[in-house]
Amino acid sequence: MAQGTTLRDLLIDEIRDLYDAERQLVKALPKMAKGATSQELRTLIETHLGETEEQVTRLERAFEMLGEKPRGKRCEGIAGIIEEGSNLLEEDFDGAVLDAGIIAGAQRAEHYEITAYGSVMAWAKQLGENEIAELLSETLEEEKSADEKLSALAEGTINLEAAQSEGDDAESDEEDEDTDRQREAGTARRAGGDMRMSAASSPRGSGAGRSSGKGGSGGSAGGRRRS
Ligand code: FE
Ligand code: ZN
Ligand code: FE
């Protein structure tokens, strides 16, 4: 099929890509939510699922404004991110460590979307399609906000819990075991805790990366997967 070569054609092409990406996410997010052990994380993902459904509708309106039929174009990027996420769910991680991994995967998806929406929004503006740009910017803000909430959850609780969890086949009484061990270990506990913390944040590189909150805090949890 013949395809145009203008910036407007590229805009339509990328909106089709996003339309497909959002619809893939509508299917994938419930699986990620189901895999999460933290109720807070599950709620966050489910809330973003609701937003994602609305984002699909917004893209349909954008197609309409462009005089195009809503049509998706296979988004390989988000497909790959979703596949990595579902692979993670099949591995043996559980509890907070699994949640840290789920956050990392979800943030990969958000960052992909943030860059894609940033581009199409800029093109729409450049083309004088201000209504479309406005529509796209609503979605862009939701993606940024979802990313920030994921960072906050990771940095606020989940990364720490993941660093402290026993991993392997620790059962429901793992916290009691922890407490016993820490009591026996006495002063060693504090130093050990600090070491675990720094190990968890080290993949981000030195210092500054962790505090920025620009996203990817879940990425700091990613390092735990290798241990
Ligand atoms: Fe989205
Ligand atoms: Zn794509
Ligand atoms: Fe999103």
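So, how was this worked out
Residues numbered from 1 in each chain as written. Chains lettered and ligands numbered in written order. Predicted model: local features only at pLDDT ≥ 70, side-chain atom pairs only at ≥ 80, totals over all residues. Helix = DSSP H or I, 4+ residues; strand = E, 2+ residues; numbered from the N terminus. Expected span 1.5 Å × (residues − 1). Bend = angle between axes of the 7 residues up to and from the residue. Buried ≥ 20, exposed ≤ 12 C-beta atoms within 10 Å, placed from the backbone. Contact = placed C-beta atoms within 7 Å. Core = buried A, V, L, I, M, F, W, Y, C linked by C-beta atoms within 7 Å. Axes fitted to C-alpha atoms, helices over the stretch in contact; angles between N-to-C directions. Parallel < 35°, antiparallel > 145°, perpendicular 65-115°, else oblique. Nonpolar A, V, L, I, M, F, W, Y, C, P; charged D, E, K, R; others polar.

A. Focus on helix H1 (residues 7–35). Between the first and last C-alpha of H1 there are 40 Å, a value that for 29 residues agrees with the 42 Å anticipated at 1.5 Å per step. Along its length, H1 shows its largest kink, about 35°, at Lys 27, and proline Pro 30 lies within four residues downstream of that point. Of the positions making up H1, those classed as buried are Leu 11, Ile 12, Ile 15, Leu 18, Tyr 19, Ala 21, Glu 22, Leu 25, Ala 28, Leu 29, Met 32 and Gly 35. On its buried face, H1 sits against helix H2 (39–65), helix H3 (76–90) and helix H4 (95–126).

B. Quick peek at the nonpolar core. The biggest cluster of nonpolar side chains holds 47 residues, and the ones touching the most others in it are Ile 15, Leu 41, Ala 100, Ile 103, Val 120, Leu 136 and Ile 158. Of all elements in the fold, only H1, H2, H3, H4 and helix H5 (130–164) reach the threshold of two or more residues within this core. The element best represented in this core is H4, accounting for 15 residues. Here Leu 41 is in contact with Ala 36, Asp 99, Ile 102, Ile 103, Leu 153 and Ile 158, once residues within four sequence places are set aside.

C. Layout of H4. Its 32 residues place the ends of H4 47 Å apart at the C-alpha level, agreeing with the 46 Å of an ideal helix rising 1.5 Å per residue. Directly beyond the C-terminal end of H4, a positive phi value near 75° is found at Gly 128.

D. Focus on the packing of H3 against H4. Two numbers describe how H3 lies on H4: the axes approach to 9 Å, and their chain directions differ by 175°. Between H3 and H4, the crossing angle belongs to the class labelled roughly antiparallel. Together, Gly 77, Ile 78, Ile 81, Glu 84, Gly 85 and Leu 88 of H3 and Gly 101, Ile 102, Gly 105, Arg 108, Ala 109 and Tyr 112 of H4 make up the contact between the two elements. Split into classes, the residues belonging to the contact of H3 with H4 amount to six nonpolar, four polar and two charged.

The values are spatial; any link to function lies outside them.
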